[in-house]
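# Architecture at a glance
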Amino acid sequence: MSVFKRLSSPLLLPVILLAVFSLLTLASLSANDSQPFQLFKKQLIWFLLGFAAFFTLSKFFDHRLLNTQNFFSVGFYLVCLLFLALVLISGLRIRGMVG
């Protein structure tokens, strides 16, 4: 089965539009910097790497498994909460903020 046939276009389209809008915003904000479009280039590289990882993982992983197996979603949520707590504990304090 093709990767594109399994993707949910109502879910993928807003993600792509949001990413394009954010890239255009970064491009317009960084046009007059000392190094023009430096942030735009970095963000574009990470965006492309993220989409490549997404398509690679979607080739091997069926997202419909999340509907039937709830332990994965709950486990992922708990791991994310653990990482957020670790940032508060081990993060650097810069200008009064921990991150």
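So, a few notes on the structure that sits alongside this text. (Residues numbered from 1 in each chain as written. Predicted model: local features only at pLDDT ≥ 70, side-chain atom pairs only at ≥ 80, totals over all residues. Heavy atoms only, no water.)

### Brief notes about the packing of helix α2 (residues 9-29) against helix α3 (residues 38-60)
Going by this rule: Lines fitted to the C-alpha atoms define the axes, with helices restricted to the stretch that makes contact. Angles between their N-to-C directions range from 0 to 180 degrees. A run of H or I in DSSP counts as a helix once it spans at least four residues, and a run of E counts as a strand once it spans at least two, with each numbered from the N terminus. Roughly parallel means an angle under 35 degrees; roughly antiparallel means over 145; roughly perpendicular covers 65 to 115; every other angle is labelled oblique. Working rule for handedness: look at the near helix, and if it is turned counterclockwise from the far one by less than a right angle, call the crossing left-handed; if clockwise, right-handed. Contacts are assigned to residue pairs that have any heavy atoms within 4.5 Å of one another. As a working rule, the residues Ala, Val, Leu, Ile, Met, Phe, Trp, Tyr, Cys and Pro are called nonpolar, Asp, Glu, Lys and Arg charged, and the rest polar, with Gly in that last group.
α3 packs onto α2 with a crossing angle of 165° between their chain directions and a minimal axis gap of 9 Å. With respect to α3, the axis of α2 lies roughly antiparallel. Crossing of α2 over α3 shows left-handed handedness. Two secondary-structure elements touch here, α2 through L12, V15, I16, A19, L23, L26 and A27 and α3 through L39, F40, Q43, L44, F47, F51 and F54. In terms of residue class, the contact of α2 with α3 is made up of 13 nonpolar, one polar and no charged.

### Concerning α2
The condition is simple: Between the first and last residue of a helix there are one fewer steps than residues, each counted as 1.5 Å, and that sum is the expected span. The buried label applies to any residue whose accessible area, calculated with a 1.4 Å probe on protein chains only, is under 20% of its type's maximum; exposed applies above 50%, and partly exposed to all values in between. By arc we mean the arc of the directions from the helix axis to the C-beta atoms, nothing more.
Look at α2: 30 Å from first C-alpha to last across 21 residues, which is about the 30 Å you get at 1.5 Å a residue. Those residues of α2 that sit buried are L12, A19, L23 and A27. One side of α2 holds all its buried residues, which, seen down the axis, span an arc of 75°. Of the exposed residues in α2, those oriented more than 90 degrees away from the buried face are P10, L11, L13, L17, L18, F21, L24, S28 and L29. Taken together, the buried residues of α2 touch α3.

### Side note on the packing of aromatic side chains
Short version of the rule: Two aromatic rings, drawn from Phe, Tyr or Trp (for Trp, its six-membered ring), form a pair once their centres lie within 6.5 Å of each other, and the interplanar angle then sorts them: stacked below 30 degrees, edge-to-face above 60, tilted otherwise.
Applying the stated criterion across every chain yields a total of five aromatic pairs. Look at F51 and F54: their rings are 6.1 Å apart centre to centre, the planes differ by 75°, and that puts the pair in the edge-to-face class. Of the two residues, F51 and F54 both sit in helix α3, three residues apart, roughly one turn of that helix. Relative accessible area serves as the criterion here: at 36%, F54 is assigned to the partly exposed category.

### Let's talk about the environment of L23
With respect to the element layout, L23 can be found in helix α2. Look at L23 and you get buried, because its relative accessible area is 9%. If we skip the residues at most four places from it in the chain, L23 touches F40, Q43, L44 and F47.

### A few points about a nonpolar patch on the surface
Worth spelling out the cut-off: Residues enter patches when they are more than 30% accessible in relative terms and free of salt bridges; like-charged ones are connected within 9 Å and nonpolar ones (Val, Leu, Ile, Met, Phe, Trp, Tyr) within 5 Å. Throughout, the Shrake-Rupley method with a 1.4 Å probe supplies accessible areas, and for residues the shown protein chains are the sole cover considered. Salt bridge, as used here: a side-chain nitrogen of Lys or Arg that lies within 4 Å of a carboxyl oxygen of Asp or Glu.
A cluster of nonpolar residues, F61, L65, L66, F71, F72 and F76, forms a patch on the protein surface that exposes about 590 Å² of accessible area. Only α4 (65-68) and α5 (70-90) provide two or more residues apiece to the nonpolar patch. The greatest single-element share of the nonpolar patch, amounting to three residues, is contributed by α5. By secondary structure assignment, the location of L65 is in helix α4. Note on L65: relative accessible area 39%, which makes it partly exposed.

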